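Okay, here's what each chain looks like letter by letter:
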Amino acid sequence: MKVAIVPIDAIGHLTPMLAVCHALANHPEVSVVRGFGSSRVAKLFLQQSAEFEITLRDHGEGKNDLAWKSFVNPLSDAELTMQRLTQFAPDIVLYDPFAVLGALGAHMCGVPSAALVTMAGYGTLGDDFVRKYSWERHDLLAANADYFERFRFNFRERGFLPVLFPSPDLSMIAAIERMSVPIDPSSQPMLHQLFRSVKGREACIGPCLGQEHLAHEVIKTLCRDDEEARNDPFPFTKLEQARAAGKKIIVFSLGTVITDFRYDTPVGGQPTGEAFLRKSLDVVAEAVQKEQGLLVAAVGPKFPLSGLALSSNAIIKRVLPLRRLLQGNADAFITHHGASSQAESILAGVPMISLPGVGDQIFNAKVAARHGAAVVFWDVENPLQQCDVATMRCALRAVLDSDGPKMACLKLADEMRMIDGPRAAAGLVTALAQSHRSQG
């Protein structure tokens, strides 16, 4: 069996896809796995025992616009990608639901498809997502006409949004069912109506985190791996000294969507991701200092480190070895609730404090708080309107002075460990391909 994979170059999407890629490459029914995409990620696929074909050219940074990145920009590389995909002749195409060429590739090859949904479910998108990414733009309509002229595939008429392309066969949700967010027809009628015509069956497969070093490799590949970062190893001895002195260790990270992709656009009630990060860091740093803890913070690739004045009880890095910090080092995690970060925190038994900014982060925070694994004393859709130093200190005490949030994490972790996400995904992909072959 041959499996084609079409990813997108985004950290929170690529890391789970690579974990599933590795599971497929080691599946007894699979003879070859081949990725198709940009040169930036080729090495990552080869490290997972897969093949890789470079079919997307480097167009530079381009527009910071999701619809342009998801639908218009890929058109320039669509013919080469389709040519290579059809020559490969896969039995199934696995793709990210934001990768238009994955959906198109399955159609052109006449094979079933599976989408790896790295969110907690399509319900995390909400009706605002449908309203925001409608077809009422000339460049989107022109691109759709071009796709139809070249490939006889009309995305608009088939019911897709120009940014999202669910599989008509199978969507694998990278969350346990209790932490997933299905579409609610009553509160999300537009989303419900949209997906009635384009989405196949769904299956919750649990988190797909991969081996410990995988996320770090993806971050190094897709973020700026500058000389400063390479020559500045993380000072784990400072954690040991803080622990010996009886200090609590508080990890703070807002992920890469806020600190990179959305750095210059509105986030969480703030005018930009930079403003959200800066204000959050100011509040958190002062609260942790007053609680006499040690702050370990990630600020991402764009935030200026020069002139950053913080307490000596703080470690500030562009990127953190997050999983290692959470496993046995952190007492609390102040997080944006990206899907992978949230799963890593729960699996490590580290209670969370919620500072979500955009998209599925908000729904993830609500679900985690509902199950007791996270604490939030403010409106998660506009957290910094109410989150000041005093309320942050209250949140810190709530997770540090009580076993409740930690026990809630451990209970959810037990459920997560019952499912090997990448292995479950590989099983579903191969079963779908086999079923299609037997019917053909």
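In what follows, the accompanying structure is described. All of these numbers come straight from a predicted model, not from anything done at the bench.

**Brief notes about the overall build of the protein**
Alright, step 1. Secondary structure assignment for the protein yields 19 helices and 13 strands.
Alright, step 2. For 440 residues, the compact-globule formula gives about 22 Å, and the C-alpha radius of gyration of the protein, at 22 Å, lands near that figure.
Alright, step 3. With respect to the principal axes defined by its C-alpha atoms, the protein has extents near 65 × 45 × 45 Å.
Alright, step 4. Summarising the internal contacts of the protein: among those between residues at least 6 apart in sequence, 70% fall at separations of at least 24.
Alright, step 5. Looking at the protein as shown, the accessible area adds up to about 18,400 Å², and 49% of this sits on carbon and sulfur atoms.
Alright, step 6. Positive and negative side-chain charges in the protein, numbering 44 and 47 respectively, have mean positions lying 1 Å apart.

**Observations regarding the sheet that holds strand 3 (residues 51-56)**
Alright, step 1. Pairing in this open sheet of 7 strands is parallel, and the strands run 3-2-1-4-5-6-7 from one edge to the other. Only two strands of the sheet have a single neighbouring strand rather than two, namely strand 3 and strand 7 (201-204). Averaged over all neighbouring strand pairs, the angle between strand axes comes to 25 degrees, with direction disregarded.
Alright, step 2. With 3 bridges joining them, strand 4 (residues 92-95) and strand 5 (residues 113-117) adopt parallel strand pairing. Within strand 5, the position partnered with Val-93 by the bridge is Ser-113.
Alright, step 3. Docked against the sheet, helix 4 (residues 78-88) engages strand 1 (2-6), strand 2 (32-38) and strand 3, running at close to 155 degrees with respect to strand 3.
Alright, step 4. Lying on the sheet, helix 5 (residues 100-109) is in contact with strand 1, strand 3, strand 4 and strand 5; it crosses strand 4 at an angle near 170 degrees.

**Digging into the packing of aromatic side chains**
Alright, step 1. Scanning all chains against the criterion turns up 15 aromatic pairs.
Alright, step 2. Relative to Phe-160, the ring of Phe-153 has its centre 6.4 Å away and its plane inclined at 35 degrees; by these criteria the two rings are tilted. Of the two residues, Phe-153 and Phe-160, both sit in the buried class.
Alright, step 3. Ring pairing ties together the aromatic residues Phe-71, Trp-135, Tyr-147, Phe-153, Phe-155, Phe-160 and Phe-165, which thus form one cluster.

**Some details on helix 15 (residues 339-348)**
Alright, step 1. In terms of residue burial, helix 15 counts as a mostly covered element, since 7 of its 10 residues are buried.
Alright, step 2. Here the buried face of helix 15 lies against helix 14 (322-326), strand 11 (332-335), strand 12 (352-354), helix 16 (360-370) and helix 18 (404-417).

**With respect to the environment of Ile-334**
Alright, step 1. Turning to its location among the elements, Ile-334 is positioned in strand 11.
Alright, step 2. Considered as a pair, Ile-334 and Ala-215 are 119 residues apart in the sequence and their alpha carbons are 19 Å apart.
Alright, step 3. Here Ile-334 is in contact with Ile-250, Val-251, Phe-252, Ser-253, Val-284, Ile-353, Leu-355, Met-392 and Leu-396, once residues within four sequence places are set aside.

**Focus on the sheet that holds strand 8 (residues 249-253)**
Alright, step 1. Taken together, 6 strands build an open sheet; the order of strands is 10-9-8-11-12-13 and the sheet is parallel. With partners counted over all chains shown, the strands left at the sheet margins are strand 10 (314-317) and strand 13 (374-375), one partner each.
Alright, step 2. Here strand 8 pairs with strand 11 via 4 bridges, running parallel. Looking across to strand 11, one finds that Val-251 is bridged to Phe-333.

**Focus: the side chain of Ser-354**
Alright, step 1. Positionally, Ser-354 belongs in strand 12.
Alright, step 2. Residue classification places Ser-354 among the buried residues on the basis of a relative accessible area of 0%.
Alright, step 3. Among the polar contacts made by the side chain of Ser-354, one reaches the side chain of His-337 at a distance of 2.7 Å.
Alright, step 4. Those residues in contact with Ser-354 that lie beyond four places of it in its chain are Thr-335, His-337, Ala-365, Ala-374, Val-375, Val-376 and Trp-378.

Parameters and conventions
Residues numbered from 1 in each chain as written. Predicted model: local features only at pLDDT ≥ 70, side-chain atom pairs only at ≥ 80, totals over all residues. Heavy atoms only, no water. Helix = DSSP H or I, 4+ residues; strand = E, 2+ residues; numbered from the N terminus. Rg over C-alpha atoms; globule rule 2.2 N^0.38 Å. Contact = heavy atoms within 4.5 Å. Areas by Shrake-Rupley, 256 points an atom, 1.4 Å probe, with all protein chains shown as cover. Lys, Arg positive; Asp, Glu negative; His and termini not counted. Charge placed at Lys NZ, Arg CZ, Asp CG, Glu CD. Pairing = 2+ DSSP bridges. Axes fitted to C-alpha atoms, helices over the stretch in contact; angles between N-to-C directions. Phe/Tyr/Trp six-rings, centres within 6.5 Å; stacked < 30°, edge-to-face > 60°. Buried < 20%, exposed > 50% of the residue type's maximum accessible area, 1.4 Å probe, protein only. Polar contact = N/O pair within 3.5 Å; in protein donor to acceptor, adjacent residues only side chain to side chain.

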